[in-house]
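Chain residues, written in single-letter form:
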Amino acid sequence: QVQLVESGGGLVQTGGSLRLSCAASGRTFSTYGMGWFRQAPGKEREYVAAISWSGGSTYYPDTVKGRFTISRDNAKNTVYLQMNSLKPEDTAVYYCAATGPTRAVLVTTGEYRYWGQGTQVTVSS
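About the thresholds
- Residue positions within a chain follow its written sequence, with the count starting from 1.
- With the structure being a predicted model, the display of local features is reserved for residues of pLDDT at least 70 and the display and counting of side-chain atom pairs for 80 or more, all residues being used for whole-chain, interface and lining totals.
- The side-chain values count all of the structure's non-hydrogen atoms but skip hydrogen atoms and water molecules.
- Think of a nonpolar core as a cluster: buried Ala, Val, Leu, Ile, Met, Phe, Trp, Tyr and Cys residues, connected wherever their side-chain atoms sit within 4.5 Å.
- Summary of the burial criterion: residues with accessible area below 20% of their type's maximum are buried, those above 50% are exposed, and those between are partly exposed, where the area comes from a 1.4 Å probe applied to protein chains only.
- Two residues form a contact once any of their heavy atoms are found within 4.5 Å.
- Numbering of helices and strands runs from the N terminus; a helix is a DSSP stretch of H or I covering at least four residues, while a strand is a stretch of E covering at least two.
- Strand pairing is assigned whenever DSSP identifies at least 2 bridges connecting the two strands.

Enquirer: Which residues make up the nonpolar core, and what values do they have?
Expert: By size, the foremost hydrophobic cluster in this structure holds 30 residues, and its most contacted members are L4, M34, W36, L81, M83 and Y94. Beyond its immediate stretch of four places on either side in the chain, Y94 contacts E6, L20, F37, R38, V48, F68, L81, M83, G118, T119 and V121. One finds F37, A97, V105 and Y112 within the second-largest nonpolar core, a separate group that totals seven residues.

Below, the structure written as structure tokens:
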């Protein structure tokens, strides 16, 4: 069992930055693919970043590419999401998620086994 706890959300103005953190429990964190997803009111949950077990591969959708950066520190069992140039449409609850042991980078919600409780990000215009 893996528990994930997000932190770092909050209110920021358009063009600002936030850094989300996700602390994971368990000894097998370094074998898991990790991802960040978000869900705005009335919309489906969507992926915004994914990273391989080693950190060597990362994926982003076009909506955040060039603005968001995912990284991980396996020694600290932590994954990060640096968000720059934030826009009002980035407003959502952001979730950290973990797959089971895999070398793949996965981008769909159904492929993730463990989820955090979410942290609210609000970007004001």
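Read on for the rest.
Enquirer: Outline the environment of S85, supporting the account with residue identities and numerical values.
Expert: Mapped onto the fold, S85 is located in the loop between β8 (78-83) and β9 (92-101). With 41 residues separating them along the chain, S85 and E44 place their C-alpha atoms 23 Å apart. Ignoring sequence-local partners within four residues, the contact set of S85 consists of G15, G16, S17, R67 and D90.

Enquirer: Summarise unusual backbone geometry; cite the residues concerned and give the values.
Expert: Of note in this structure, N77 is not a glycine but carries a positive phi near 50°. By secondary structure assignment, the location of N77 is in the loop between β7 (68-73) and β8.

Enquirer: Please give an account of the pairing of strand β11 (residues 119-124) that cites residues and values.
Expert: Side chains T119, V121 and V123 of β11 all project onto a buried face; the interleaved residues Q120, T122 and S124 project onto a face where none is buried. Across four bridges, strand β2 (residues 10-13) lies against β11 in parallel orientation. The partner of L11 across the bridge, within β11, is T122. Inspection of the sheet shows β9 paired to β11 by three bridges, in the antiparallel sense. Bridge assignment links A92 to a residue of β11, and that residue is V121.

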